[in-house]
Structures are given as structure tokens and as C-alpha cells.
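What follows is each chain in one-letter form.
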Amino acid sequence: MGTGKATSIVFAREGAKVLLVDRDPAAAQETLEVIEGARGVASIFEADVSKIGDCEALVEAAVERYGGLDILFNNVAIISLGSVVDADEEEWDRIMQVNVKSMMLTSKFAVPRMAGAGGGSIINVSSVEAFRGGANQLIAYSVSKGAIVTLTTSMAVQHGRENVRVNGIVPGYLYTPLISGFLSDEDREEIRDRRRNSAPLGVEGNAWDIAWAAAFLASDEARWITGVMLPVDAGLLATMPPAMLQYLK
Ligand SMILES: NC(=O)c1ccc[n+]([C@@H]2O[C@H](COP(=O)([O-])OP(=O)(O)OC[C@H]3O[C@@H](n4cnc5c(N)ncnc54)[C@H](O)[C@@H]3O)[C@@H](O)[C@H]2O)c1
């Protein structure tokens, strides 16, 4: 399960009315069925979040369907492999558009709505790749995730007085469709093991770990938290390089 799906389900379980935004409505349909099956409230909005018109429309749809917008969960990302030497210019631009520009565009229309209604909570999904280079050859993705850190802290400062809180989640090595799609059947289990063993807890993370963190950051209990990048990573960012980690075994 992906983090968008799990977070939507947890939000709905907590009583939120959820607009499920995806460019692939079939992916959102599964989420809708789970939420409605548990008597939650949700609906689908098909949009490409790299397009400004779609982002304006999705914010308007949330307001029209549910009477306002209190929480924005910016979660979409795509991956491309390679170093700067391999980087394809068009592919680089596409990654920045989908992973970073999308968060600026949704926020551009969401912030005034939230501020006008007394405040809100925006949660941007980054990655440990923003803070630690080298584990993977994913330069465009890593740079996009680094930009999300600056976007998050800057927005938190600029919109604090409007009571719009802006925080980030920094996932570690989760097992989700984004990752499983990149693994072949031959090396899948070995790579899952390696990802799991890279962090102090030695436990594989999944989409629910991100969903629970997002639910907390969205809640009134987090009313005094803004500008934070919260690692949800089994301790990965706290560790020394893997070569020093034999003691974990
Ligand atoms: N899986 C991990 O190990 C991991 C680690 C660190 C960070 N993250 C982050 O978590 C987030 C979600 O990852 P996931 O693994 O759950 O992904 P996922 O592939 O399960 O979900 C991503 C969803 O985004 C949708 N999407 C893609 N481009 C879109 C666009 N232009 N407009 C609208 N929708 C679009 C896809 O259809 C898909 O449903 C991403 O931000 C990712 O960078 C994941």
C-alpha cells in the first residue's frame, strides 16, 4: 500500500472528509472503497498535481464538496535513476515539477483558503534522501526531496501568523508500490532485508507508519508544531554509516 492511500484511510477513520487526488482514478477508487466500507466520507478528484489549473480546481473541489479545507497532505512523487552525468534534462524537469512544484501549486491555492477560515495544517512528504546522499543513484529525486525541506520551513515561517502550520515527514526505507515496482523478483527479498537492516530498529517500515505521523501532525494536539521535518525512519538518520553498524546484528 502507498502512503497516500494509508494516510487517507487513517484521516477518514479520524473523522476527516477526504478528497482523494490522483492522476490515476483507479488507484484512488480502491482507497474510496476501503473508506466507504468503514462508513467514512471521501470522494475522488482526478488531477495531475504538476499542473496549476488542476491544483486550483482540486482546492475548489474540496471547499465545494466539504465546506472548507483544513488539511493538505502533499505526498506525490516519482523517481528516476542516475547521477548528474546520466541525467536527462527533460526527465530532471519532470521530477522537479511532479515532486516539488506540485507542493507549491497546491499550497498556493490552499493557504488563502485555510488562512481565511482561521488556519490549517499542511504536511509535505520528503525523504531521508534529502539528508543523506549516496545510498542510491537518484540525483533528481534526492534534490527534489531536499527542496521540499526548504519549501516546508519557509512556508512555516511565512504563514505562521495565519495559523497555517507547515510540517514535513521524512520517511526512511519503506516498502510501498513505489519501491516494489523497482525491484526484480530475484533481488526483492535481499534488498528488502538490506533496507530493513540499515536502521537501528531493524524493522521494515510501511505506509501506515507515515499515515500515523501525518494524523498527529494534522491534529489539534500538534497545534504548537510548525516548521518541523519529522523523521519516520526507524532511526536511520540517527545512525553512523552502514560500515560501522555491525553491532546492530
Ligand atoms: N517508499 C519509500 O521507501 C519512500 C521513502 C521516502 C519517501 N517516500 C515518499 O513517500 C511518498 C509516497 O510514496 P509511495 O511509495 O507511497 O508512492 P506510490 O507510488 O504508492 O504513490 C504515489 C501516487 O502518486 C500518484 N501520482 C504520481 N504522479 C502524479 C501526478 N502528477 N499527479 C497526481 N498523482 C500522481 C500515483 O498515481 C500514485 O498513486 C512520496 O513522496 C515518496 O517520495 C517513500
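A separate point is the overall build of the protein chain. In terms of helices and strands, the protein chain carries eight helices and six strands. When the helices and strands of the protein chain are read in sequence order from the N terminus, they spell out α-β-α-β-α-β-α-β-α-β-α-α-α-β. Seen through its principal axes, the protein chain has C-alpha atoms that stretch 55 × 40 × 35 Å. Each of the 249 residues in the protein chain was classed as buried or not, and the buried ones make up 39%. Pairs at least 24 residues apart make up 73% of the contacts formed inside the protein chain by residues separated by at least 6 positions.

So, about helix H1 (residues 3-13). Within H1, 10 of the 11 residues are buried, leaving the element largely enclosed by the surrounding structure. Those residues of H1 lying buried are Thr3, Gly4, Lys5, Ala6, Thr7, Ser8, Ile9, Val10, Phe11 and Ala12. Residues of H1 that are buried in the fold lie against strand E1 (17-22), helix H2 (25-37), strand E2 (41-46), strand E3 (71-74), strand E4 (120-125) and helix H8 (207-218). Following H1 by one or two positions, Gly15 adopts a phi angle in the positive range, close to 105°.

Another point: the packing of helix H4 (residues 89-116) against helix H5 (residues 139-159). The relative placement of two packed helices is expressed as an angle between their axes plus a distance between the axes. Contact geometry for H4 and H5: axes closest at 9 Å, N-to-C directions at 15°. As judged from the angle between their axes, H4 and H5 are roughly parallel. In this structure, the crossing between H4 and H5 has a hand that is right-handed. Across the interface between the two elements, Glu91, Trp92, Ile95, Met96, Asn99, Val100, Met103, Met104, Ser107, Val111 and Ala115 from H4 touch Ala140, Tyr141, Ser144, Ala147, Ile148, Leu151, Met155 and His159 from H5. Residues of the contact of H4 with H5, tallied by class, amount to 14 nonpolar, four polar and one charged.

Pairing geometry for E1 and E2, over six bridges, is parallel. Bridge assignment links Val18 to a residue of E2, and that residue is Ala42. The parallel pair E1 and E2, bridged by H2, forms a crossover whose chirality is right-handed.

For the ligand, the set of nearby residues contains 26 residues, the closest of which are Gly2, Ala77, Ser127, Thr176 and Leu178. For the shell around the ligand, the elements supplying multiple residues, two or more each, are H1 and helix H6 (177-180). Per-element tally for the shell around the ligand: the top contributor is H6, with three residues. Among the residues forming the shell around the ligand, the class breakdown is 15 nonpolar, seven polar and four charged.

It is worth spelling out the sheet that holds strand E6 (residues 229-232) at this point. Strands sit in the order E3-E4-E5-E6 across an open sheet of four strands; the sheet is parallel. Taken across any chain shown, the strands that pair with only one partner, and hence form the sheet edges, are E3 and E6. Here the average twist between neighbouring strands, direction ignored, is 20°. Bridge count between E4 and strand E5 (residues 164-171): six bridges; the pairing is parallel. Bridge pairing in E5 links Ser121 to Arg165. Seen against the sheet, H5 touches E4, E5 and E6 and runs at an angle of roughly 160° to E5.

Time to look at the nonpolar core. Counting 57 residues, the largest nonpolar core has Val18, Ile169, Ile210 and Ala214 as its most contacted members. Looking at which element gives the most residues to this core, the answer is H8, with eight residues. With near-sequence residues (within four places) excluded, Val18 lies in contact with Ser8, Phe11, Ala12, Ile35 and Ala42.

So, about the environment of Glu60. In this fold, Glu60 is placed in helix H3 (residues 52-66). Spatially, the C-alpha atom of Glu60 lies 28 Å from that of Met1, the residues being 59 residues apart in sequence.

Attention now moves to the packing of H1 against H8. For the pair H1 and H8, the least separation of the axes is 8 Å and the interaxial angle reads 45°. For the element pair H1 / H8, the angle class is oblique. With respect to the hand of their crossing, H1 and H8 are arranged in right-handed fashion. Residue-level contacts link Thr3, Lys5, Ala6, Thr7, Val10 and Phe11 of H1 to Ala207, Trp208, Ile210, Ala211, Trp212, Ala214, Ala215 and Ala218 of H8.

Analysis parameters
- Residues numbered from 1 in each chain as written.
- Predicted model: local features only at pLDDT ≥ 70, side-chain atom pairs only at ≥ 80, totals over all residues.
- Helix = DSSP H or I, 4+ residues; strand = E, 2+ residues; numbered from the N terminus.
- Buried ≥ 20, exposed ≤ 12 C-beta atoms within 10 Å, placed from the backbone.
- Contact = placed C-beta atoms within 7 Å.
- Axes fitted to C-alpha atoms, helices over the stretch in contact; angles between N-to-C directions.
- Parallel < 35°, antiparallel > 145°, perpendicular 65-115°, else oblique.
- Left-handed = near helix turned anticlockwise from the far one by under 90°.
- Nonpolar A, V, L, I, M, F, W, Y, C, P; charged D, E, K, R; others polar.
- Pairing = 2+ DSSP bridges.
- Right-handed = clockwise from strand over helix to strand, strands pointing away.
- Near = placed C-beta within 6 Å.
- Core = buried A, V, L, I, M, F, W, Y, C linked by C-beta atoms within 7 Å.

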